[in-house]
Amino acid sequence: MPPPIRTASRARRGDRESLREYAEFLDRFGDPQAREVYVRLLDATQDAEARKAVQRRLATLDLIEKQYLQNAKEVGEYAMDALVEIQSRHPSMGDVRGKGLMCALELVSDRKTKAPAAKDAVAKVYKGAYDDGVMIRTSGNNIILSPPLIITADDVKRILAA
């Protein structure tokens, strides 16, 4: 849900309260303009606490852009390579796909026909992972992995071992 047009237009003109409201909206829904709005908000405010809050938001964006996204790329490549290797050993894995840390594997009863695996097979994988302390998601016959951006290669090994 976009912010009211009045708030967005006032934010563009530099109205301090509107900039704050717009920054909060961007926090909730994400937007590539967030950094620009935060910098403008930092320039527009005189309140020390508000300045600290904006500086923390900018520091968080820096962490995401400079550290976490690179980690997601590197660890995501490791995870995909490991999933493809596991797929070669397990005929019940029909397809492995993903981008960055967002990965999915398809469970099938027959790899040639790509017939979906039975619900109890998916439930068994889910329960086994949960019992090993790993949270995964399922959608139909797909197992979905979407770990946080700060995950390490060791964490991925633990997930895939489950």
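All values derive from a computational prediction rather than experimental measurement.

### Focus: the layout of surface pockets
- Each pocket or cavity is described by its volume, and for the largest pocket that value is around 450 Å³.
- When contributions to the lining of the largest pocket are tallied by element, the ones reaching two or more residues are α4 (48-89), β2 (102-110), α5 (119-131), β5 (142-145) and α6 (153-161).
- The biggest single contributor to the lining of the largest pocket is α5, with five residues.

### Digging into α4
- If you check α4, its first and last C-alpha atoms are 59 Å apart, about what 42 residues at 1.5 Å a residue would give, namely 62 Å.
- Along α4, the helix axis deviates most sharply at I64, where the bend reaches about 35 degrees.

### Focus on the pairing of β2
- Pairing of strand β1 (residues 93-99) with β2, which is carried by six bridges, proceeds in the antiparallel orientation. Among the inter-strand pairings, K99 is bridged to a residue of β2, identified as M102.
- Counting the residues in the hairpin turn of β1 and β2 gives two residues, including G100, whose phi is positive at 60 degrees.
- Sheet topology places β2 next to β5; four bridges connect them, and they run antiparallel. Within β5, the residue paired with C103 across the bridge is L145.
- Linking β2 to strand β3 (residues 115-116), which pair antiparallel, is a turn of four residues; within it K114 sits at a positive phi near 60 degrees.

### Observations concerning the side chain of Q87
- Note on placement: Q87 falls in helix α4.
- A polar contact is formed between the side chain of Q87 and the backbone oxygen of G94, at a distance of 3.1 Å.
- If near-sequence neighbours (up to four positions away) are discounted, Q87 is found in contact with M93, G94, D95, V96 and R111.

### Here's the deal with unusual backbone geometry
- Despite not being glycine, K114 has its phi angle at roughly 60 degrees, a positive value.
- Among the structural elements, K114 can be located in the loop between β2 and β3.
- A relative accessible area of 38% places K114 in the partly exposed class.

Cut-offs applied
- Residues numbered from 1 in each chain as written.
- Predicted model: local features only at pLDDT ≥ 70, side-chain atom pairs only at ≥ 80, totals over all residues.
- Heavy atoms only, no water.
- 1 Å grid on protein atoms, 1.4 Å probe; cavity = no way out; pocket = protein on both sides within 12 Å on 5 of 7 lines; lining within 4 Å.
- Points joined across faces, edges and corners; volume = space filled by probe spheres on them.
- Helix = DSSP H or I, 4+ residues; strand = E, 2+ residues; numbered from the N terminus.
- Expected span 1.5 Å × (residues − 1).
- Bend = angle between axes of the 7 residues up to and from the residue.
- Pairing = 2+ DSSP bridges.
- Polar contact = N/O pair within 3.5 Å; in protein donor to acceptor, adjacent residues only side chain to side chain.
- Contact = heavy atoms within 4.5 Å.
- Buried < 20%, exposed > 50% of the residue type's maximum accessible area, 1.4 Å probe, protein only.

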